[in-house]
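Letter by letter, the chains look like this.
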Amino acid sequence: MLLLVGLGNPGAKYAGNRHNIGFMAVDAIARAHGFGPWKKKFQGELAEGHIDGVRTLLLKPQTFMNESGRSVGEAANFHKLSPTDIVAFYDEIDLAPGRFRMKKGGGAAGHNGIRSIIASSVGEGFRRARMGVGHPGVKELVHHHVLSDFHKADAEWVSNLLEACAKAAPLLAKGEDEKYQGEVMRLAPAEKANPRQQASGDA
């Protein structure tokens, strides 16, 4: 079984925020692969389905970003999942807009949602789908940057990246993270992303 977690904040106020691109990603996967309806479970919204024959759960924690681990830990414990069965989709300020990188394990790099999952029973060994949203340039502006909506000029690359994450998902279900990363970037090349905002580096 696979658990795909999208990180974000609940409610209409946050729906278009850069911080909510993880929610957007699992919504796109649900649409593309015909998942069942979203239901309230594990302190979040849960949808069930299959990707390339692999039973998959999609989870959007409704605990607010900083407490994401409560929801993810509950789902993981209930289904007796190992960290490598879990993939978290989230916004990454240290990647330029539209860039995409897979990673397994490691620290939180300042992301409170990831920090919360690491602090839960899941630990740090889960897989991460890092979706670049760019860096505002100075640390003091990061909070405002991630809690602001994407610009209209970003709409095309955001849509392309979400569709690519959904279309390439069978590779993720097979555990082929490197191939998944390559296919997502092939389907949604980051050069088409908004050049106005460049990240501080592909860290």
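Sequence order sets the numbering: in each chain, residues are counted from 1 along the sequence as written. Under the rules for a predicted model, residues below a pLDDT of 70 receive no local features and side-chain atom pairs below 80 are neither given nor counted, while totals for whole chains, interfaces and linings still include all residues. Excluded from the side-chain calculation are hydrogens and water; included are all heavy atoms of the structure.

Draft legend 1. Summary view of the pattern of salt bridges. Any carboxyl oxygen of Asp or Glu that lies within 4 Å of a side-chain nitrogen of Lys or Arg is treated as forming a salt bridge with it. Counted under the stated rule, the structure contains 9 salt bridges. A salt bridge links Lys 60 to Glu 45, with the nearest nitrogen and oxygen atoms 3.6 Å apart. Of the two residues, Lys 60 is situated in strand E4 (residues 54–61) and Glu 45 in strand E3 (residues 44–51); the sequence distance between them amounts to 15 residues. Between Glu 48 and Arg 55 there is a salt bridge, with its nearest N and O atoms 2.9 Å apart. Salt bridges here are not isolated pairs; linked through shared partners, they connect Asp 27, Glu 45 and Lys 60. Elements are defined by DSSP. Helices are runs of H or I of four residues or more, strands are runs of E of two residues or more, and each kind is numbered from the N terminus.

Draft legend 2. Structural detail: helix H2 (residues 68–78). Only protein chains enter the calculation, and the probe is 1.4 Å; a residue is then buried if its accessible area is under 20% of its type maximum, exposed if over 50%, and partly exposed in between. What H2 keeps buried is the set Ser 68, Gly 69, Ser 71, Val 72, Gly 73, Ala 75 and Ala 76. Contact criterion: two residues are considered in contact whenever any of their non-hydrogen atoms come within 4.5 Å of each other. Residues of H2 that are buried in the fold lie against strand E1 (2–6), E3, E4, strand E5 (86–92) and helix H3 (112–119). Positioned one or two residues after H2, Lys 80 has a phi angle of 55 degrees, which is positive.

Draft legend 3. Local environment of unusual backbone geometry. Within the chain, Gln 43 stands out as a residue other than glycine whose phi angle is a positive 55 degrees. Looking at the element boundaries, Gln 43 is found in the loop between strand E2 (39–41) and E3. Exposure remark for Gln 43: the relative accessible area of 33% places this residue in the partly exposed category. At Ala 109, a residue that is not glycine, the phi angle is positive and equals roughly 50 degrees. Among the secondary structure elements, Ala 109 is positioned in the loop between strand E6 (100–104) and H3.

Draft legend 4. Focus on the packing of H2 against H3. Orientation of H2 relative to H3, taken along the N-to-C sense of each, is 45 degrees, at an axis distance of 7 Å. It follows that H2 is oblique to H3 by the angle criterion. Pair H2 / H3 crosses with right-handed handedness. Taking contact as the criterion, the partners of Ser 68, Gly 69, Arg 70 and Val 72 in H2 are, on H3, Gly 113, Ser 116 and Ile 117. Amino acids outside the nonpolar list (Ala, Val, Leu, Ile, Met, Phe, Trp, Tyr, Cys, Pro) and the charged list (Asp, Glu, Lys, Arg) are all regarded as polar, and Gly is one of them. Of the residues in the contact of H2 with H3, the class split is 2 nonpolar, 4 polar and 1 charged. Lines fitted to C-alpha atoms define the axes, with helix axes restricted to the stretch in contact, and inter-axis angles between N-to-C directions lie between 0 and 180 degrees. Angular relationships are summarised with four words: roughly parallel below 35 degrees, roughly antiparallel beyond 145, roughly perpendicular across 65 to 115, and oblique for the angles in between. If you view the pair so one helix is near and one far, a crossing is left-handed when the near helix is turned anticlockwise from the far one by less than a right angle, and right-handed when it is turned clockwise.

Draft legend 5. Expanded view of the pairing of E3. The pairing of E2 with E3 spans 3 bridges and is classified as antiparallel. Bridge pairing in E3 places Lys 39 opposite Leu 46. What sits between E2 and E3 in their antiparallel hairpin is a turn of 2 residues, with Phe 42 showing a positive phi close to 55 degrees. Each pair of strands is called paired provided DSSP finds at least two bridges between the two strands. Taken together, the 8 bridges between E3 and E4 define a ladder with antiparallel strand orientation.

Draft legend 6. The arrangement of the sheet that holds E2 in detail. One open sheet accounts for 7 strands, arranged E2-E3-E4-E1-E5-E7-E6; its pairing is mixed. Taken across any chain shown, the strands that pair with only one partner, and hence form the sheet edges, are E2 and E6. Going from strand to strand, the sheet's axes swing by 30 degrees on average, the running direction of each strand aside. Sheet topology places E5 next to strand E7 (residues 127–132); 6 bridges connect them, and they run parallel. Bridge pairing links Ala 88 to Arg 128 in E7. The strands touched by helix H7 (residues 177–187) are E5, E6 and E7; relative to E6, the strand with the most contacts, the crossing angle is about 170 degrees.

Draft legend 7. Layout of the layout of surface pockets. Considering only enclosed or pocket space, the largest pocket measures out at about 410 Å³ in volume. Detection works on a 1 Å grid of protein atoms alone, calling trapped sets that fit a 1.4 Å probe cavities and calling open sets with protein on both sides within 12 Å along at least five of seven lines pockets, with lining residues defined by an atom within 4 Å of a point. Every residue lining the largest pocket is counted, 23 residues in all, and those nearest its centre are His 19, Gly 110, His 111, Asn 112 and Val 146. Sorting the residues of the lining of the largest pocket by element identifies E5, H3, E7 and helix H4 (142–146) as the ones contributing at least two each. Counted by class, the lining of the largest pocket contains 9 nonpolar, 8 polar and 6 charged residues. Grid points are joined across faces, edges and corners, and a volume is the space filled by probe spheres set on the points.

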